[in-house]
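# Structural overview
Listed below are the residues making up each chain.
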Amino acid sequence: MIPTSFNHGWGVRPRGLTFFAMRGAPYEAVTLPHDALISSLRDAGAVDGANSGFFPTLDVEYEKTFEVEESAADQRHVVEFEGVYRDARVYVNGALAAHRPYGYSRFFVPIDRLLGYGTANTIRVEATSDEDSRWYTGAGIIRPVTLHRGGLLHLAPEGPRLSTPQVGDDLAVVEVQARIDNESPVRRTVRVRIEIFDEATGRIAAAASAPVTIFPGESADVTRRVFVRDPQLWSPDSPTLYRGRVSLVDDGKDIDDATDTFGIRRIELDPVHGLRINGTAVKLRGACVHHDNGPIGAATIGAADERRVRLLREAGFNAIRSAHNPAGTALLRACDKYGVLVMDEAFDVWTARKARFDYAQDFADWWERDVESMVRKDFNRPSVVLYSIGNEIPEVGSALGAQTGRDLVNTLKRLDPTRFTVSAGQVLLAVGDEAAEVMADQNVGVNDVLASMEDVLLKFWQSPVAARLMEEGYSQVDVAGYNYGDSRYALDPGEFPDRISVGSETSRRSIAENWATILGSPQVIGDFCWTGWDYLGEVGVGRVRPAEQAGIAGFLGPFPYLTAEVGDLDVTGVRRPSSYFRETVFGLRDVPYIAVQKPSLCGVELAVNSFAWRGMEGRWTWPGDEGHPVDIEVYSSADEVELLVNGHSVGKAAAGAGYIAAFTATYEPGTVTAVAYNSGVESGRSELSTAGAVETLSLAPERDHLGLTDESLAFVRIALLDRDGRVNPSWTETVTVTVEGPGVLQGLGSSDPQPDEAITGPTRTTHAGELLAVVRPTGAGSIVIKAAAAGLPEASVVVDVD
C-alpha cells in the first residue's frame, strides 16, 4: 500500500463529558504530531501534581474531514496511528473503528467499510491523559499519522521485514518477508520483485524475483533470501544503511511497492566476550531518555528526535534506553543514522499499579498485542539490540511475576529471535513482602532508609535473600538489568558465572567507579545513566539544595518546578557539567573541564541524592559575589591539574581515579584557567571568562535551510551577549519571539527547572542567558524569526525552506 501523510487538516479541542459540553467548543487547527497538554495552564493543585509537572488531566478530541473520490471505491484505505496518548478511540463518520489503550503502540485502522465515496468523511480521535504515569506524558496524537492506500491486491501496510541471518565479510544473506493480501474475488498471480539498494549511493546491491499466487480472500506470506556481495556492515562506528524494496508486478506493471531501510550486522552475546557487533566487543555508553521533547512537549516531530540523538552521540553516548515505553520510529531511525544502540523498553507496569489509572488496568488484555506492535516497529532497525520487558516491575520477585516475564520473553523470541531480552529490575520493589527479611539479613534499619536510600539499595542488591527472589526472573532473559545495582557487578562472577548484566539505570555520580569495573568485566555490557536528557515531570528529583531544606518538599520538587533536573543535557539540548565529566570518564575527552559551584553555597552542607549532580555550573560570572570563596572542580584524566585565576596559580591537584581535581579559590571577575599535565608536560587547558553587561540579542539557527516535510523543525538559540560576544548567564531578560513567513512558533523554552511563568506562547524569560525557539515550517519560502527584549536592539534571522 502507498503511504501518504495524514498529519494535516486536523482540529483539536477539549472533550466535554456531558451532552451539552460536547456541542460547543470550537476546534483549533493543528498539524500532527501534536501535544494537546503542553499548552495547558499548570497549577500547584493539579491532581497528578509533581509527577506530571503540575499539568492538569485532559480529555481531548481531534477531528479531520477528508474526501475519497468515487473511483477509489475498489481500493483499500488503512489509517496508521503511531501513538495516541492515551486510551485512544477512533471514529469514522461517527462509528467506532478502533480502540487502543496504550499510548505508545502503533496500530492500523481499516476504514473502508465506514467510508463514503465522492463525499466528505470525518475521522475523530478521542484521548485521555489522567493520573496514569509517573512523569509527563503529554496528551493526544503525539506521533505521526499515515494513510495507506492500495488496490484489492496489495502489500500489507506494515511493510517488509528485513533481517540478516548470515553475515560475513564477503557475503551477507538478507531475508525479506512480506505479506500480500488479496481482497479481490479472483485468484491472482503476480511477480514479487525484491531489490536491495545501498542507501548512500542508490546502487543496487542485490535483486531477485519470483511469481506468487494468492487465492481470493486470502493472504500470502512471502519469504525470500537474497545475497549481498562485499557488504558494508552497520556498526556504531560505521552506521551504513541499505534499503529494501518489495514490488508487486502484474502484467509488466508495478501495482504496489513498499520500502524500508535496514542495516547488515550480526550481534552476539556471551559472558566471555560480552556484547559483540560484527565480532567486535562493544560497551554500552548508555543514556536513559524519556519521550518528551522539552519546549514542544510530547509531540514526536522527527527533527526533534534526530537532534536529540545527534547531541547525545556528540556528548559521548553510544546507546539509548527508551525509558519506560517503546520508542517512536523517528528516534529509532535517528539511532540507525548515527550509530546509537537501543534498548527498547516495553512497559513501566505489568499488573501492579504505580499510578491510579495507569496501564496496569489494561495489561492483561493488551500486552501481547502491544509487544507485537513494538516488535513490528523495531524489526528493521539495526540500532535495536535489546528488548526490555519492563522497568522496576514490583511482581518480578513472585511466582506469578516470573510466569508473566516468561510469557513476555517467549512472545518476543517467537516474534523476533534475532535480538536479546533484558529485564530492568529494582530490588526494593522486587523483594515485596520479603523486605523485612532482607533488611534483617543486611542489618538495615528504618533510620538507614531515611538517611541514604542509595546505600540501602546497594545493601539490598547484595542480599542473598534478594538474589534468590530475583533469580527466576533473571534466568528467563538474556541480560539482567540492574537499576542502581552496581554492587552486583563484583558478586555475579562467583554467584552467577553465566549471567550477563547491564547497569540499566545508574546514578550519574557513580560512573567513574562503575566504568572501570565495566571495562574489566565481559559479564557487564554497559551502563545507562539516569538520565542523558532532562525531562518534564517527576519534577526536581535531581535538585541540589542546602541540607537544612532537604525535608521541606520531599523527594519531588514543589511548584513551580517543571523538569526533573537530572539530565546530562538540559531540555533545550545544552550540555551540563556532568556530561563533560562522563565524556572524560569514557576516555573521549582530553581537554579539562571547569565546573564552578555558586559562591553562596561554598562551605554549605548540601542535600545531594543519587539523581543529582553537585550543583556545579560551567561559568565564571557571579556578580555580587566578588571576594567570596568558591568551590571549583576540574574534570580531567590527566595526572595533575593546575588552576589559575587571572594568571595567578591557586595550586595543583591530582584528579586521580575519580577524574576530579578539587579547588577552593576566591571569586574575582576575569578568567579562570585549568591546565592539565601528564608526566609533567602540559596536555590540555581550558578557561572560563567573566561576561560583561548585555548589549545584544543573538539568534543562531542550527540550520539555515530546511526541507519542507512533516518532520522539519528549525532550532534557534537565543542568547544575551556582551560586547565581546560572550553569553552572560547571570543576566535575565523577557524575550518575545515573532515568526513571519511560512512558519509557526512550535515552542519557546529555557533550561529553567522551575519557571514561574507560562511555558508556551511567544514570550519567555531567559535562563543562564539563553532560550531555544523551535519553529515549524508551513510552506516553502523564507521564514523570518525575530526576537525583542526591552532595552536591547531587535534581532532577526532567516531560515529558508525548500
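Look above for the structure.
## Points about the overall build of the protein chain
Each helix and strand in the protein chain was counted, giving 14 helices and 50 strands. For 802 residues, the compact-globule formula gives about 28 Å, and the C-alpha radius of gyration of the protein chain, at 27 Å, lands near that figure. Residues classed as buried in the protein chain amount to 59% of the 802 residues present. For the protein chain, long-range pairs separated by at least 24 residues make up 71% of all intrachain contacts whose partners lie at least 6 apart in sequence. Accessible surface, the protein chain: about 30,700 Å² in total, of which carbon and sulfur atoms supply 49%.

## Quick notes on the environment of Tyr387
With respect to the secondary-structure elements, Tyr387 resides in strand S27 (residues 384-391). Spatially, the C-alpha atom of Tyr387 lies 8.5 Å from that of Ser423, the residues being 36 residues apart in sequence. Discounting chain neighbours no more than four positions away, the residues touching Tyr387 are Asp344, Met374, Val375, Asp378, Leu412, Asp416, Arg419, Phe420, Thr421 and Val422.

## A word on helix H14 (residues 577-585)
In terms of burial, H14 is largely enclosed, as 9 of its 9 residues are buried. Every buried residue of H14 is listed here: Pro577, Ser578, Ser579, Tyr580, Phe581, Arg582, Glu583, Thr584 and Val585. Count one or two residues on from H14 and you reach Gly587, which has phi positive near 80°.

## A short note on helix H11 (residues 464-476)
One full turn of an α-helix is made of 3.6 residues, so residues set three or four places apart face in the same direction. Along its 13 residues, H11 runs 19 Å from first to last C-alpha, staying within 8% of the 18 Å computed at 1.5 Å per residue. The principal kink in H11, of about 45°, is found at Met470. Every buried residue belonging to H11 is among Val465, Ala466, Ala467, Leu469, Met470, Gly473, Tyr474 and Gln476, and all of these are buried.

## Overview of the pattern of salt bridges
Pairing between side chains becomes possible if they bear opposite charge and their charged atoms approach one another. Applying the stated criterion across every chain, the model contains 59 salt bridges. Across the pair Arg276 and Asp270 runs a salt bridge whose closest N-O atoms are separated by 3.3 Å. On the basis of relative accessible area, Arg276 is assigned to the buried category, the value being 19%. In this structure Asp270 comes out as buried when scored by relative accessible area, which is 18%. When salt bridges that share partners are traced, they join Arg13, Arg15, Asp59, Glu61, Arg124 and Glu126 into one network.

## Brief notes about unusual backbone geometry
With an omega of -10°, the peptide bond running from Ala323 to His324 counts as cis. Here His324 lies in the loop between strand S25 (319-322) and helix H4 (329-338). A cis amide bond links Trp530 to the next residue, Thr531, at an omega of -5°. When you line up the elements, Thr531 lands in the loop between strand S31 (524-529) and strand S32 (545-546).

## Quick look at the sheet that holds strand S19 (residues 242-250)
Overall, antiparallel pairing links the 4 strands, which are arranged S15-S14-S19-S20 in an open sheet. Because the sheet does not close on itself, it has two edges, and the strands there are strand S15 (204-214) and strand S20 (253-262). If you compare each strand with its neighbour and ignore which way they point, the axes differ by 15° on average. Here strand S14 (residues 188-198) pairs with S19 via 8 bridges, running antiparallel. Among the inter-strand pairings, Arg193 is bridged to a residue of S19, identified as Ser247.

## Topic: the pairing of strand S9 (residues 119-129)
Across the 11 residues that make up S9, a large majority, 8, are buried. Relative to S9, strand S4 (residues 58-68) is paired through 11 bridges, and the arrangement is antiparallel. In the strand pairing of S9, Asp59 is matched with Thr128. Direction of pairing for strand S6 (residues 88-92) relative to S9: antiparallel, over a ladder of 4 bridges. What sits directly across from Tyr91, in S9, is Arg124.

## Structural notes on the packing of aromatic side chains
Scanning all chains against the criterion turns up 27 aromatic pairs. Judged by centre distance (5.6 Å) and plane angle (40°), the ring pair of Tyr102 and Phe347 falls under tilted. Of this pair, Tyr102 sits in the loop between strand S7 (95-100) and strand S8 (107-110) while Phe347 sits in the loop between strand S26 (341-345) and helix H5 (363-378), and the two are 245 residues apart along the sequence. Pair check on accessibility: Tyr102 and Phe347 agree, each one buried. Centre to centre, the rings of Tyr593 and Tyr635 are 6.0 Å apart; their planes meet at 15°, and the pair counts as stacked. Taken together, the positions of Tyr593 in strand S33 (residues 593-597) and Tyr635 in strand S36 (residues 629-635) put the pair 42 residues apart, joining distant regions of the chain. Each member of the pair, Tyr593 as well as Tyr635, is classed as buried. Taken together, the ring pairs in this structure connect Tyr85, Tyr102, Tyr104, Phe347, Trp350, Tyr359, Phe363 and Trp367 into an aromatic cluster. One cation-aromatic arrangement involves Arg307 over Phe715; the distance from NZ or CZ to the ring centre is 4.6 Å.

## Concerning the side chain of Thr531
When its relative accessible area of 1% is taken as the criterion, Thr531 is described as buried. Here the side chain of Thr531 touches Trp533 through a polar contact of 3.0 Å, landing on its backbone oxygen. Those residues in contact with Thr531 that sit more than four places away from it in its chain are Cys288, Arg508, Val566, Gly567 and Asp568.

## So, the environment of Asp407
Relative to the assigned elements, Asp407 resides in helix H6 (residues 399-415). Residue Asp407 is classed as partly exposed on the basis of its relative accessible area, which comes to 34%. Through-space distance from the C-alpha of Asp407 to that of Glu63 is 38 Å; in sequence the pair is 344 residues apart.

## Describing the sheet that holds strand S42 (residues 696-701)
Spatial ordering of the open sheet is given by S42-S44-S48-S46, a layout of 4 strands whose pairing is antiparallel. The strands lining the two open edges of the sheet, one partner per strand, are S42 and strand S46 (743-749). Taking each pair of neighbouring strands and ignoring which way they run, the sheet shows an average axis angle of 25°. Where strand S44 (residues 714-721) meets strand S48 (residues 770-777), 6 bridges bridge the pair, whose relative direction is antiparallel. Opposite Phe715, over in S48, you have Val774 as the bridge partner.

## Observations regarding the packing of helix H13 (residues 511-519) against H14
Contact geometry for H13 and H14: axes closest at 10 Å, N-to-C directions at 25°. Taken together, the axes of H13 and H14 are roughly parallel relative to one another. For the pair H13 and H14, the crossing hand works out as right-handed. Every residue of H14 that contacts H13 at Ile511, Ala512 and Trp515 is listed here: Phe581, Arg582 and Val585. A per-class count over the contact of H13 with H14 returns 5 nonpolar, no polar and 1 charged.

## Focus on the nonpolar core
Membership of the largest hydrophobic core comes to 150 residues, with the highest contact counts inside it found for Trp10, Tyr62, Phe81, Ile123, Phe347, Leu386 and Ile525. Sort the elements by how many residues they give to this core and H5 lands first, with 6 residues. Residues within four places of Trp10 in sequence aside, it is in contact with Glu28, Ala29, Val30, Leu32, Tyr62, Glu63, Lys64, Ile123, Val125 and Ile141.

Rules and cut-offs
Residues numbered from 1 in each chain as written. Predicted model: local features only at pLDDT ≥ 70, side-chain atom pairs only at ≥ 80, totals over all residues. Heavy atoms only, no water. Helix = DSSP H or I, 4+ residues; strand = E, 2+ residues; numbered from the N terminus. Rg over C-alpha atoms; globule rule 2.2 N^0.38 Å. Buried < 20%, exposed > 50% of the residue type's maximum accessible area, 1.4 Å probe, protein only. Contact = heavy atoms within 4.5 Å. Areas by Shrake-Rupley, 256 points an atom, 1.4 Å probe, with all protein chains shown as cover. Expected span 1.5 Å × (residues − 1). Bend = angle between axes of the 7 residues up to and from the residue. Salt bridge = Lys/Arg side-chain N within 4 Å of Asp/Glu carboxyl O. Pairing = 2+ DSSP bridges. Axes fitted to C-alpha atoms, helices over the stretch in contact; angles between N-to-C directions. Phe/Tyr/Trp six-rings, centres within 6.5 Å; stacked < 30°, edge-to-face > 60°. Lys NZ or Arg CZ within 6 Å of the ring centre and 35° of its normal. Polar contact = N/O pair within 3.5 Å; in protein donor to acceptor, adjacent residues only side chain to side chain. Parallel < 35°, antiparallel > 145°, perpendicular 65-115°, else oblique. Left-handed = near helix turned anticlockwise from the far one by under 90°. Nonpolar A, V, L, I, M, F, W, Y, C, P; charged D, E, K, R; others polar. Core = buried A, V, L, I, M, F, W, Y, C linked by side-chain atoms within 4.5 Å.

Everything listed is a geometric property; what it means functionally is a separate question.
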